[in-house]
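Structural description and commentary
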Amino acid sequence: LKPKLNLDRSEGDVPENVFLGVAKGEIEMQIGQITEIVISPGVDLAGPLPGEIQNTTLMAAGIITTSKAPDAAKALVSFISSPSAAAVLKARGFQPVDKN
Amino acid sequence: MWHAQNLERLEALMNALRIAIAALALTAAMRTGGTADAAEIRVLSSGSLKAALSQLLPDFQKSSGDTATIEYGPAGAIVGRVQNDDAADVVIVSRSQLQKLESNGKVVQGSLVDIAGIALGLAVHKGARRNRISAMSRRSNGPCSRPGRSGTAIRRPVQRPAFIQRACWNGSALHRI
């Protein structure tokens, strides 16, 4: 089967274009981050990968050292990591962060 | 008598007016204060966060009075921009990528905050017959040595329908089918 397959490693310039090949019908299926699949036009999420090969990436935010507005930047990071933001994230297919 | 009553009414009206003016002045002062302190924040984020940030950022702007602009890109490209000192205030990528930026001095020590986890899924053409994803795990070949990344696509085989026989997994992409 391997010779018959063509691995395409191109990435979309914008999140919605990551799955353009699938949307156009040029690509049969594509593995990617669920939160990008659900916002891409012309594609369906067939489902999450099964547990054995699933891999969840933990996303985090940081303040850039050269920031001229570190307090406001900190406020934004607090806002997007707040419990109310967690509800929005969950509703859009993100996995909750384990806060200890 | 008539005169006294009218005076009382006038006084009550004046009092109400004073309170209203004071309230207005307070609101104006708060607005002015807010505007004076309002910051403009530039965010660089992995595109995988767009589904949520497209709502959360406008919410933040409303509640804080600050202006937040955001640019999305592949996480690797975002890391490269921060590494090259692209002027911005907040960077959102994977925790491991952030830790590298932190140790390189590009991100403030101790400023890392976890946002959410993102799991992998299989995208198919809209309305397409769903492939049997469970077949993957049964035939999985375990971890592999070659690096990969998400967004890897498997093009249609020439004759046979796409059917995953053997797969190895390196954490972000499926290799060797």
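The structure displayed is predicted, hence computed values, not measured ones.

Analysis parameters
Residues numbered from 1 in each chain as written. Chains lettered and ligands numbered in written order. Predicted model: local features only at pLDDT ≥ 70, side-chain atom pairs only at ≥ 80, totals over all residues. Heavy atoms only, no water. Helix = DSSP H or I, 4+ residues; strand = E, 2+ residues; numbered from the N terminus. Contact = heavy atoms within 4.5 Å. Buried < 20%, exposed > 50% of the residue type's maximum accessible area, 1.4 Å probe, protein only. Areas by Shrake-Rupley, 256 points an atom, 1.4 Å probe, with all protein chains shown as cover. Core = buried A, V, L, I, M, F, W, Y, C linked by side-chain atoms within 4.5 Å. Salt bridge = Lys/Arg side-chain N within 4 Å of Asp/Glu carboxyl O. Arc of directions from axis to C-beta. Pairing = 2+ DSSP bridges. Axes fitted to C-alpha atoms, helices over the stretch in contact; angles between N-to-C directions. Polar contact = N/O pair within 3.5 Å; in protein donor to acceptor, adjacent residues only side chain to side chain.

1. Here we look at the overall build of chain B
Along chain B, the regular secondary structure elements total five helices and nine strands. When its helices and strands are written in sequence order, chain B yields α-β-α-β-α-β-α-β-β-α-β-β-β-β. Sequence separation of at least 24 residues holds for 56% of the intrachain contacts in chain B that already meet a minimum separation of 6.

2. A few points about the overall build of chain A
On a plain count of helices and strands, chain A comes out with four helices and four strands. Counting the 100 residues in chain A, one finds 47% classified as buried. On chain A, roughly 4,900 Å² of surface is accessible, and the fraction owed to carbon and sulfur atoms is 54%.

3. Some details on the nonpolar core
Counting residues in each nonpolar core, the largest one holds 30 residues, and the members touching the most others are A:Leu76, B:Leu49 and B:Val90. Counting only elements with at least two residues in this core, the list comes to β4 (57–63), α3 (70–80) and α4 (83–91) of chain A together with β1 (40–46), α2 (50–64), β2 (67–73), β3 (90–94) and β4 (113–118) of chain B. Top element by residues in this core is α2(B). It accounts for six residues. Aside from chain neighbours lying at most four places away, what touches B:Val90 is A:Ala61, A:Gly62, A:Ile63, A:Ile64, A:Ala73, A:Leu76, A:Val77, B:Ile41, B:Arg42, B:Val43 and B:Leu44. Residues B:Leu44, B:Val79, B:Ala88 and B:Leu101 belong to the second largest nonpolar core, which totals 13 residues.

4. Looking at the pattern of salt bridges
All names here are of chain B. Applying the stated criterion across every chain yields a total of seven salt bridges over all chains. The residue Glu-71 makes a salt bridge to Arg-42 at a minimum N-O spacing of 2.5 Å. Of this pair, Glu-71 sits in strand β2 while Arg-42 is found in strand β1, placing the two residues 29 residues apart along the sequence. The class of Arg-42 is partly exposed, set by a relative accessible area of 22%. In this structure, the salt-bridge partner of Arg-81 is Glu-71, at a minimum N-O distance of 2.7 Å. Taken as a pair, Arg-81 in helix α3 (residues 75–83) and Glu-71 in strand β2 lie far apart in primary sequence, ten residues in all. Overall, Glu-71 belongs to the partly exposed group, its relative accessible area being 31%. Linked by salt bridges that have partners in common, Arg-42, Glu-71, Arg-81 and Asp-86 make up one network.

5. Some details on the side chain of B:Ser45
With respect to the helices, strands and loops of the structure, B:Ser45 is situated in strand β1. Leave out the neighbours within four places in its chain, and B:Ser45 touches B:Leu53, B:Ile70, B:Glu71, B:Tyr72, B:Gly73, B:Ile78 and B:Ile92.

6. Brief notes about α3(A)
Residues and elements named next belong to chain A. Taken as a whole, α3 has its buried residues at Ala-72, Ala-73, Leu-76, Val-77 and Ile-80. Down the axis of α3, the buried set is contained in an arc of 140°. They therefore lie on one face. Residues of α3 that are exposed and angled more than 90 degrees away from the buried face: Asp-71 and Lys-74.

7. Some points on the sheet that holds β2(B)
Pairing is mixed across the open sheet formed by five strands, whose spatial order is β2(B)-β1(B)-β3(B)-β4(A)-β4(B). If you trace the sheet from one side to the other, it starts and ends with β2 and β4 of chain B, each paired once. Taking each pair of neighbouring strands and ignoring which way they run, the sheet shows an average axis angle of 20°. Bridging between β4(A) and β3(B) involves five bridges; their strand directions are antiparallel. Bridged to A:Gly62 within β3(B) is B:Val91.

8. A look at α3(B)
Residue and element names in this part refer to chain B. Residues of α3 that are buried include every one of Ile-78, Val-79 and Val-82, and no others. Burial along α3 is one-sided: seen end-on, the buried residues are contained in an arc of 100°. Among the structural elements, β1, β2, β3 and α4 (95–103) are those in contact with the buried residues of α3. One or two steps after α3, the chain reaches Asp-85, where phi turns positive at roughly 60°.

9. A few points about the side chain of B:Ser46
If you trace the backbone, B:Ser46 turns up in strand β1. Judged by its relative accessible area of 4%, B:Ser46 is buried. Only 2.7 Å separates the side chain of B:Ser46 from the side chain of B:Ser48, close enough to count as a polar contact. When residues no more than four places from it in sequence are discounted, the contact partners of B:Ser46 are A:Met59, B:Tyr72, B:Gly73, B:Ala75, B:Ile78, B:Ile92 and B:Val93.

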